[in-house]
Amino acid sequence: MEQRIEHDTMGEVAVPADKLWGAQTQRSFENFPIGEEKMPPDLIHAFGVLKEACAAANHRLGTLDTRRYQLIQSACQAIRAGELAEQFPLSVWQTGSGTQTNMNCNEVIAHVGNAQAGETLLHPNDHVNLSQSSNDTFPSALHIAAVTALHTRLEPALTEMLLCLQRLETDNQTVVKTGRTHLQDAVPITFGQEISGWRSMLEHARDMIRASLAGLYELALGGTAVGTGLNAPPGFDAAAAEEVARLTGLPFRPAPNKFHALSARDGLVFSHGALKALAADLMKLANDVRWLASGPRCGLGEIQIPENEPGSSIMPGKVNPTQCEAVTMVAVQVMGNDVAVGLAASQGNFELNVFMPVCIYNFLQSARLLTDCIRSFNDHCAVGITANREKCRHNLHNSLMLVTALNPYIGYDNAAKTAKKAHAEHISQGGLRQPGLPHRRAVRRGVPPRRDGLSGPQKGRKTYYGRQSGIPQAARGTAGEDRSGGPQAHRDPGRPVPSVYPRRGRALPGNCKGL
């Protein structure tokens, strides 16, 4: 392989002739043959933005001439366009400050600029890295990359899925199904209401992510080595942040305290916490969908989802909820990444955090995985979700928890007896007859049960407790007393006992309809 000789402060280094990097990049490439994880392309793109912004700020402040500024600008635009992607080969597992990646960018920009000029005008340190240090450029590039990933990719993916859920919510407003808590039958709910819960939690996650951007908009540029701004001209931090904002269209600003900006990564931890919240919400949504779609014959089967591919190499005809499974695996990875980001951010010893490469690697992986899995789930599953109305109706009318709507009319204890009897005797709605309990049609009409234990209206005197004709008021008693033989009313002492049974013609609550 043909090579050329490059120099740095430690001496000569042989570099492949077809590569655009210099001595320090080559040393890092040789010294850290660890793993397969390379610096993320999003971070390299962010460095392209940052180096162009710093050159523009230096040019504005009079520390960099126009010719050199234009050469740096041209090389940075090539980096941002992805034209030089193969020139950034370094491992994530390198120096914890990211110094070698900063120098990788400096060397490539200088080499490209000098080749364009036809002479050596750019030095990696003296010109490309002017007014900068790895200690303030890497955390700044880290923030630029994180914000870009969230704002330009993750949020649009979330918005697309929210639109899908809004449509599903509207389409399923009238589909009444069994609610479930603790994986057990609960009171009825519409499928539209259930979907609204999914929609709302994703909206909340989106709002959390947006709220976390405030800390990421702060840039450490201008702090240089330890936060004092040594070797940076006055106003460089504001000028550089302004240029970054111009290039990205996002409201980046100089960090008010550069010592904090160099040594802490708490803004990234906070933002990744919002990503973990989104992952938790997606885990819940995907689990709900695959439970509801379980079957096709022996599961819940209340919804159908698209059948995308065969599900088994041995069981013919089997189709699995693979998109749901992919989402749940992504959620687990993001939750694991959150631990790594938090631990990495805790390693801010004195004036510098030295776990920055692993911090941004995990953050960007989480953002990318969430973006991709949301788009995949939406396009290949969510858009095709339909309710199995017949199965929803069947499960609904076999649910014991419909009896909950009778609590205000027959009391909790009698309702519990009803549910237990129905369960023991395998009775579904409409098949139950028990002494002392009203027929469902009688309850629907607001007719009280008969005292002789039979369903239907009583002939003769009124039987609403506290309103029986012929019984003196004193004999009716107050709360806690039962002088007339009526059902006990559990109310605060001293309050009149209300009618236990509904007046004739009184409508049941909306959740009782259909009983």
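All of the points below concern the structure found in this document. (Residues numbered from 1 in each chain as written. Predicted model: local features only at pLDDT ≥ 70, side-chain atom pairs only at ≥ 80, totals over all residues. Heavy atoms only, no water.)

1. Focus: the packing of helix 11 (residues 322-345) against helix 12 (residues 356-380)
Defined as follows: Inter-axis angles, ranging from 0 to 180 degrees, are taken between N-to-C directions of lines fitted to C-alpha atoms, where helices are fitted over the stretch in contact. Labels follow the DSSP assignment, with helices taken as runs of H or I lasting at least four residues and strands as runs of E lasting at least two, numbered in each case from the N terminus. Just so you know how the angles are binned, under 35 degrees is roughly parallel, over 145 roughly antiparallel, 65 to 115 roughly perpendicular, and the rest oblique. Crossings are classed by handedness, with left-handed meaning an anticlockwise turn of the near helix from the far one by less than a right angle and right-handed meaning a clockwise turn. Residue contacts are defined here by distance: any two heavy atoms, one from each residue, within 4.5 Å place the two residues in contact. Side-chain classes are defined by residue name, with Ala, Val, Leu, Ile, Met, Phe, Trp, Tyr, Cys and Pro counting as nonpolar, Asp, Glu, Lys and Arg as charged, and the others, Gly among them, as polar.
Remark: helix 11 packs on helix 12, axes separated minimally by 9 Å, with the N-to-C direction vectors making an angle of 165°. Between helix 11 and helix 12, the interaxial angle falls into the category roughly antiparallel. The interaxial crossing formed by helix 11 with helix 12 has left-handed handedness. For the pair formed by helix 11 and helix 12, the contact residues are Q323, C324, V327, V330, Q333, V334, N337, A340, V341 and A344 on the first element and V358, C359, N362, F363, Q365, S366, L369, L370, C373, S376, F377 and H380 on the second. In terms of residue class, the contact of helix 11 with helix 12 is made up of 14 nonpolar, eight polar and no charged.

2. Brief notes about the packing of aromatic side chains
How we decide: We call Phe, Tyr and Trp rings a pair once their centres come within 6.5 Å, taking the six-membered ring for Trp, and we label the pair stacked below 30 degrees between planes, edge-to-face above 60, and tilted otherwise. With a 1.4 Å probe rolled over the protein chains alone, any residue whose accessible area is under 20% of its type maximum counts as buried; one over 50% counts as exposed, and the rest are partly exposed.
Scanning the entire structure with this criterion turns up four aromatic pairs. Measuring from ring centre to ring centre gives 5.6 Å for Y217 and F252, while their planes differ by 85°; the resulting arrangement is edge-to-face. Of this pair, Y217 sits in the loop between helix 7 (191-216) and strand 5 (218-219) while F252 sits in the loop between helix 8 (236-248) and strand 6 (253-254), and the two are 35 residues apart along the sequence. Of the two residues examined, Y217 and F252, each falls in the buried class.

3. Description of the pattern of salt bridges
Heads up, the rule is: Just to be clear on terms, a salt bridge is a Lys or Arg side-chain nitrogen sitting within 4 Å of an Asp or Glu carboxyl oxygen.
Inspection of the entire model under this criterion finds 23 salt bridges. The closest approach of N and O atoms between R375 and E160, which form a salt bridge, is 2.8 Å. On the criterion of sequence distance, the pair formed by R375 in helix 12 and E160 in helix 6 (residues 134-171) is long-range, its members being 215 residues apart. Under the relative-accessibility criterion, R375 is labelled partly exposed at 31%. A relative accessible area of 33% places E160 in the partly exposed class. Notably, a salt bridge pairs D237 with K258, separated by 3.0 Å at the nearest N-O pair. Taken together, the residues D237 in helix 8 and K258 in helix 9 (residues 258-263) connect sequence positions 21 residues apart. Linked by salt bridges that have partners in common, R60, E242, E243 and R246 make up one network.

4. Some points on helix 6
Inclusion rule: Here a helix's expected span is defined as the number of its residues, less one, multiplied by 1.5 Å. Note that the bend at a residue is defined as the angle between axes fitted to the seven residues ending at it and the seven residues starting at it.
The end-to-end C-alpha separation of helix 6 is 54 Å, in line with the 56 Å expected for 38 residues at 1.5 Å each. Of all bends in helix 6, the biggest is about 35°, found at L154, and the proline P156 comes one to four residues later.

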